[in-house]
Amino acid sequence: MSKIQKLHTEIDNFVIDSAETLEQYRLQFLSKKSELQSLLSDIKNIAPEERKQYGILVNELKQKVQIVYDQSKEKLESSVSYSVGLTDVTRSAKGIELGGLHPISIVMNEVCEIFEAIGFSRVPGPEIDDDWHIFSALNFAEEHPARDMQDTFFVHTNPDIALRTHTSSLQVRVMENEKPPIRVICPGRVYRNEAITSRAHCMFHQVEGLYIAEHVSFAEMEQTLFYFAKQMFGEGTKIRLRPSYFPFTEPSAEMDVSCNICGGAGCALCKHSGWVEIMGCGMVDPNVLENCNIDSTIYTGYAFGIGIERMTQVKYKTNDIRLFFENDVRFLQQFQTVK
Ligand code: DAH
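Residues numbered from 1 in each chain as written. Predicted model: local features only at pLDDT ≥ 70, side-chain atom pairs only at ≥ 80, totals over all residues. Heavy atoms only, no water.

> Hey, could you run me through the sheet that holds strand E4 (residues 158-163) in this one?
Sheet strands line up and pair through hydrogen bonds in the backbone, either parallel or antiparallel. The sheet built from 3 strands is open, its strands ordered E2-E4-E3 with antiparallel pairing. The open sheet has two edge strands, strand E2 (128-130) and strand E3 (154-155), and neither has a second partner. In this structure, E3 lies alongside E4, joined through 2 bridges in antiparallel fashion. Bridging across to E4, valine 155 finds its partner in asparagine 158. (Pairing = 2+ DSSP bridges. Helix = DSSP H or I, 4+ residues; strand = E, 2+ residues; numbered from the N terminus.)

Take a look at the structure:
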């Protein structure tokens, strides 16, 4: 009898909280070698006058062992399916729509990754900056008409603060804080006081690049940008550099890529020229290096600023810049690889 009592206590104290402990329980109390089995087979050795009582007690024990096992098993299984998610009953019956990256972010990341693979590092910079970083350190003289081309949004109470018109403001920040060799790219949003049309917007995105070291040449810049264009648009892509003017580079150029919408035959995006302008570039003006305390007799460098909207249009063959900012899901969904 004391054996029966002992088993009751063991069962009461047995904690079943996992598949493993459930199995241990089964082996200990339900298997052929369990104590319960030996109590059952002992029945024939019990004195006849005690046998009935003994049988009742052992049977009770047997039922208890089985009930505890069945209930624990059921409880474990339902909690598994509920929380670990074999069947998640809390889930909405409707499919869940996955979000995705905006086409501008996709292209911006792609540009950064191409440059990162050849040694540039990505750095962030402020979208609200001061006159020195946006204009003055970059050689824009106070009354120079180049400032008109980049009219922007100023802070009423402090005309020295403005929304940056280009990511070139970052050239200054990096050069002020680091010693050459410098090899950085800065992706980000920029702002200009422009009327919104299919080709222009008051907010858009650029990726600025800057490389400063000893003996950096224009030819090196050209080959790096050619490499970039091929990575971005495919092996057959051509580039051309046209002389241009930026206050902070000398010489300066605009870089065009062959239009991959019309294959060079002429279309609306390339204004029937076969070429699409995607960036400004040039050799950093020695004045700018000196403004940032870099010795221009030792160091030279090149810089470039890529327009991301234009590039996204060439890459994805879209024809209206406003589509990028309207957030129409029907437009944006076309860029998702996971639906
Ligand atoms: N900041 C110029 C723009 O927004 C683009 C640019 C031109 C950036 C030449 C550069 C550069 O770094 O060297 O139009």
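> Looking at this structure, how should I read the side chain of threonine 312?
Inspection of the secondary structure assignment puts threonine 312 in helix H11 (residues 308-316). A polar contact of 2.7 Å, which involves the side chain of threonine 312, links it to the backbone oxygen of isoleucine 308. Leaving out residues up to four positions away in the same chain, threonine 312 has contacts with Pro103, Ile104, Val107, Lys317 and Phe324. (Polar contact = N/O pair within 3.5 Å; in protein donor to acceptor, adjacent residues only side chain to side chain. Contact = heavy atoms within 4.5 Å.)

> Could you clarify how one ought to interpret the site of the ligand in this entry?
Neighbouring residues of the ligand: 16 residues in total, closest His166, Ser168, Arg192, Gln206 and Glu208. Considered on its own, the ligand offers 350 Å² of accessible surface; in the complex 93% of this is hidden by protein. Counting atoms within 2 Å of the grid points, the majority share of the ligand lands in the largest pocket. Residue composition of the shell around the ligand, by class: 5 nonpolar, 9 polar and 2 charged. (Near = heavy atom within 4 Å. Areas by Shrake-Rupley, 256 points an atom, 1.4 Å probe, with all protein chains shown as cover. 1 Å grid on protein atoms, 1.4 Å probe; cavity = no way out; pocket = protein on both sides within 12 Å on 5 of 7 lines; lining within 4 Å. Sits in = over half its atoms within 2 Å of the grid points. Nonpolar A, V, L, I, M, F, W, Y, C, P; charged D, E, K, R; others polar.)

> I keep staring at the side chain of serine 72 and nothing clicks. Help me out?
Inspection of the secondary structure puts serine 72 in helix H4 (residues 48-83). Residue classification places serine 72 among the buried positions, given a relative accessible area of 15%. Residues within four places of serine 72 in sequence aside, it is in contact with Ile16 and Leu22. (Buried < 20%, exposed > 50% of the residue type's maximum accessible area, 1.4 Å probe, protein only.)

> Just checking my understanding: could you explain helix H5 (residues 103-116) for this structure?
An α-helical turn contains 3.6 residues, so a residue and the one three or four places further along point in the same direction. Taking 1.5 Å of rise per residue, the 14 residues of H5 would be expected to cover 20 Å, and the 20 Å separating its terminal C-alpha atoms lies within 8% of that figure. Among the residues of H5, Pro103, Ile104, Val107, Met108, Val111, Cys112, Ile114 and Phe115 are the ones counted as buried. Along the long axis of H5, the arc covered by the buried residues comes to 170 degrees, so they all point the same way. (Expected span 1.5 Å × (residues − 1). Arc of directions from axis to C-beta.)

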